[in-house]
Amino acid sequence: MEKIIRVEHVDFSYNKPSSFIKDMSFEIPRGKYTCIIGPNGSGKTTVSKLISGILVSDKGDIFVDGMIINNQNMPEIRKYIGVIFQNPDNQYMSSSLKEDIIFALENHNVDPNKMEEIIDEAARKCNASHLLAKSPSSMSGGEKQKGNLASVLALEPKVLVLDEACSMLDGTSKKEMRHLISNMKEEGITIVSITHDSEELLLADYIILMNKGEIVFEGNKEELYKFDTSLYNVELPYIMQLEKEMGNENFSSEEEFLYKVGETL
């Protein structure tokens, strides 16, 4: 499986000399949906900021599509990676969604003659066309995150990093946002989601579990099913818990699981 992000022997500390993250190495597969999970304080958000170039490692190297993250490459790296944060208000700087997207495009030196088409297409893909003229103060939390997704998508990133992007949304908005994000994967965008929501793991192709600044598990859903996540205060998705209670040795797809349940009724 081809990798788009490589983290090699990275150290990072908020308060030197002790390192919060020490000698960390992992890879993110290209074009897949990767979830990074773990209890509070495990280092998930720190990792998201390191691979986005928001934080700089004390030691080691991080590569995005073959380019090393450093001060010289940062403008190019930021064309590759789009980031959506937990609080939807933190990414708005203008009086309307459209002005916000224009501001981002101008910062990336996009041809003004192409902006209208880019904005309309990004908004359409995010079901946000009706939000373009709205001010952030008049939007719901779900609408703000859809707008943020449209702003990021307009820049045509290869990697989308989500730092608890759905955690402040209600159930309906969360479901719609996840659907939109899954659509981004279908377009070849690599998704890296930092999350504490175990149900999101059902969308993931690859899962990384962190604890106290270290990686304690890497693998797919089927492998996670056999791993004891309770050691790190992390719950499995509800459907996985039901499978374990039924005594199933291996994790099934949702369709297979419902078939098994039907057989036992």
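Note that the coordinates shown come from a computational prediction; the quantities given were computed from them, not determined experimentally.

Turning next to the sheet that holds strand 2 (residues 21–29). With antiparallel pairing, the 4 strands of this open sheet are ordered in space as 2-1-4-5. The open sheet has two edge strands, strand 2 and strand 5 (67–68), and neither has a second partner. In the sheet, strand 1 (residues 3–12) pairs with strand 4 (residues 59–64) via 5 bridges, with the strands oriented antiparallel. Its bridge partner being in strand 4, Val7 is matched across the sheet by Ile62. Contacts from helix 1 (residues 44–52) reach strand 1, strand 2 and strand 4, with the element oriented near 65° to strand 2.

On the secondary structure map, Ile119 appears in helix 4 (residues 112–125). Taking relative accessible area as the criterion, Ile119 reaches 1% and is therefore assigned buried. Measuring from C-alpha to C-alpha, the distance between Ile119 and Ile101 comes to 7.0 Å, with 18 residues separating the pair along the chain. Filtering out sequence-adjacent residues up to four positions away, Ile119 remains in contact with Lys98, Ile101, Ile102, Leu105 and Leu132.

Time to look at the packing of aromatic side chains. Inspection of every chain in the model, using the stated rule, returns 5 aromatic pairs. Taking 5.1 Å as the distance between ring centres and 40° as the angle between the ring planes, the aromatic pair formed by Phe217 and Phe227 counts as tilted. A residue pair is termed long-range when its members are at least 10 positions apart, and Phe217 in strand 10 (residues 214–219) and Phe227 in the loop between helix 7 (221–225) and helix 8 (238–245) qualify at 10 residues. Under the relative-accessibility criterion, Phe217 is labelled buried at 9%. Here the aromatic rings of Phe227 and Tyr232 are separated by 6.2 Å at their centres, their planes lie at 5°, and the arrangement is stacked. With relative accessibility at 22%, the residue Phe227 sits in the partly exposed group. Members of the aromatic cluster, connected to one another through ring pairs, are Phe12, Tyr14 and Phe20. Between Lys3 and the ring centre of Tyr206, over which it is positioned, the NZ or CZ distance is 5.9 Å.

Take the nonpolar core next. Ranked by internal contacts, the top residues of the largest apolar core, which has 45 residues, are Ile84, Leu97, Ile101, Leu160 and Ile191. In contact with Ile84, other than residues within four places in its own chain, are Gln91, Gln145, Asn148, Leu149, Val152, Leu160, Val161, Leu162, Asp163, Ala165 and Met177. Core analysis: the next-biggest nonpolar cluster, separate from the first, contains 30 residues, Ile77, Tyr80, Ile81 and Val159 among them.

Looking now at helix 8. Within helix 8, burial applies to Ile239, Met240 and Glu243. Buried residues of helix 8, viewed axially, fall in a sector of 100°; they line one side. Away from the buried face of helix 8 by more than 90 degrees, exposed residues Tyr238 and Glu245 are located. Remark: Gly247 follows helix 8 within two positions and exhibits a positive phi of approximately 85°.

For the structure on display, the rule yields 14 salt bridges. The closest approach of N and O atoms between Glu8 and Arg6, which form a salt bridge, is 2.3 Å. For Glu8, a relative accessible area of 29% corresponds to the partly exposed category. We note a salt bridge from Asp65 to Lys158, for which the minimum N-O separation is 3.1 Å. Taken together, the positions of Asp65 in the loop between strand 4 and strand 5 and Lys158 in the loop between helix 5 (141–153) and strand 7 (159–163) put the pair 93 residues apart, joining distant regions of the chain. One connected set of salt bridges, linked through shared partners, spans Glu2, Arg30, Asp65 and Lys158.

Conventions we followed
Residues numbered from 1 in each chain as written. Predicted model: local features only at pLDDT ≥ 70, side-chain atom pairs only at ≥ 80, totals over all residues. Heavy atoms only, no water. Pairing = 2+ DSSP bridges. Helix = DSSP H or I, 4+ residues; strand = E, 2+ residues; numbered from the N terminus. Contact = heavy atoms within 4.5 Å. Axes fitted to C-alpha atoms, helices over the stretch in contact; angles between N-to-C directions. Buried < 20%, exposed > 50% of the residue type's maximum accessible area, 1.4 Å probe, protein only. Phe/Tyr/Trp six-rings, centres within 6.5 Å; stacked < 30°, edge-to-face > 60°. Lys NZ or Arg CZ within 6 Å of the ring centre and 35° of its normal. Core = buried A, V, L, I, M, F, W, Y, C linked by side-chain atoms within 4.5 Å. Arc of directions from axis to C-beta. Salt bridge = Lys/Arg side-chain N within 4 Å of Asp/Glu carboxyl O.

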